[in-house]
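Coordinate analysis (summary)
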Amino acid sequence: MKKQINLQENLLKIIKNLFFILSLIIFSNKIYAKEKWVLDKDLSTIEFELPVFLLKNVEGKFNKIEGLVEIDINEKKNNKAIFSIYIDSVEINYEKYKDLLLSEIFFHEKKFPLALIDTNKFQYNNEKEINLIVELNIKGINHNIPISLQVINLTEDLVQIIGNINFNRSMFNIGTGNWSSTTVLKDTVKIKTNLFFFRN
């Protein structure tokens, strides 16, 4: 009887150990089933345009951006991307107004040095075009904004993503006081992204 009990206990221990090892293998596979793609900061650009009444539109770009995309290889639905844009890296065609643009009236760069774009989790299965709702954070204010993306596989390890985002600057208090009026400086901001990612 004792031998049978010991045999059952040993068998139970073996089963538990096997289950533990199997769990570790499954968990490890889930961990390593993600690809990381890092933004090529030298090739990538984020440009913007803001219409001005009876004058040339405000046009500019941000020269310093960082980003990371994580692709869920197995499930295809837990993909995630996040980008940070350094506000002080902005260049505009109205250069004499750059300090005004960085001031608290517009971007308040000293208090909010970064703008953030967070996709949250999204589904992707090698489509050439995808539409997402991303979370855009400017001046500490969050809004969900639609974005359309074109995905171009240049090589196995290099991908180009072209995107367009439109939003109203009033949503983020970009332009306060006299500059909040949309009579001269219009409300709709058009963003064009041309991003390159290499496999990490």
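Here, every reference points to the structure presented above.
Remember, predicted model here, so these are calculated numbers, not experimental data.

1. Structural notes on the side chain of Lys139
Looking at the element boundaries, Lys139 is found in the loop between strand 8 (129–138) and strand 9 (141–155). Despite its burial, Lys139 remains without a salt bridge, the nearest opposite charge being carried by Glu104 at 8.5 Å. Here the side chain of Lys139 touches Phe106 through a polar contact of 2.8 Å, landing on its backbone oxygen. Ignoring any residue separated from it by four or fewer positions in sequence, one finds Lys139 in contact with Glu104, Ile105, Phe106, Phe107, His108, Phe112, Phe172, Asn173 and Ile174.

2. With respect to the pattern of salt bridges
It is possible for side chains bearing opposite charge to pair when their charged atoms get close. In this structure the tally under the stated criterion is four salt bridges. Residues Arg199 and Glu35 are paired through a salt bridge, measuring 2.7 Å at the closest nitrogen-oxygen approach. Of the two residues, Arg199 sits in strand 11 (residues 188–199) while Glu35 sits in strand 1 (residues 34–39), which places them 164 residues apart along the sequence. When the shortest N-O distance is used, the salt bridge between Asp118 and Lys80 registers 3.0 Å. Taken as a pair, Asp118 in strand 7 (residues 114–118) and Lys80 in strand 5 (residues 80–86) lie far apart in primary sequence, 38 residues in all. Given the relative accessible area of 15%, Asp118 is considered buried. A single network of salt bridges, built from pairs that share partners, joins Glu35, Asp157 and Arg199.

The rules behind these values
Residues numbered from 1 in each chain as written. Predicted model: local features only at pLDDT ≥ 70, side-chain atom pairs only at ≥ 80, totals over all residues. Heavy atoms only, no water. Helix = DSSP H or I, 4+ residues; strand = E, 2+ residues; numbered from the N terminus. Buried < 20%, exposed > 50% of the residue type's maximum accessible area, 1.4 Å probe, protein only. Lys, Arg positive; Asp, Glu negative; His and termini not counted. Salt bridge = Lys/Arg side-chain N within 4 Å of Asp/Glu carboxyl O. Polar contact = N/O pair within 3.5 Å; in protein donor to acceptor, adjacent residues only side chain to side chain. Contact = heavy atoms within 4.5 Å.

Don't take any of this as a statement about function, it's just geometry.
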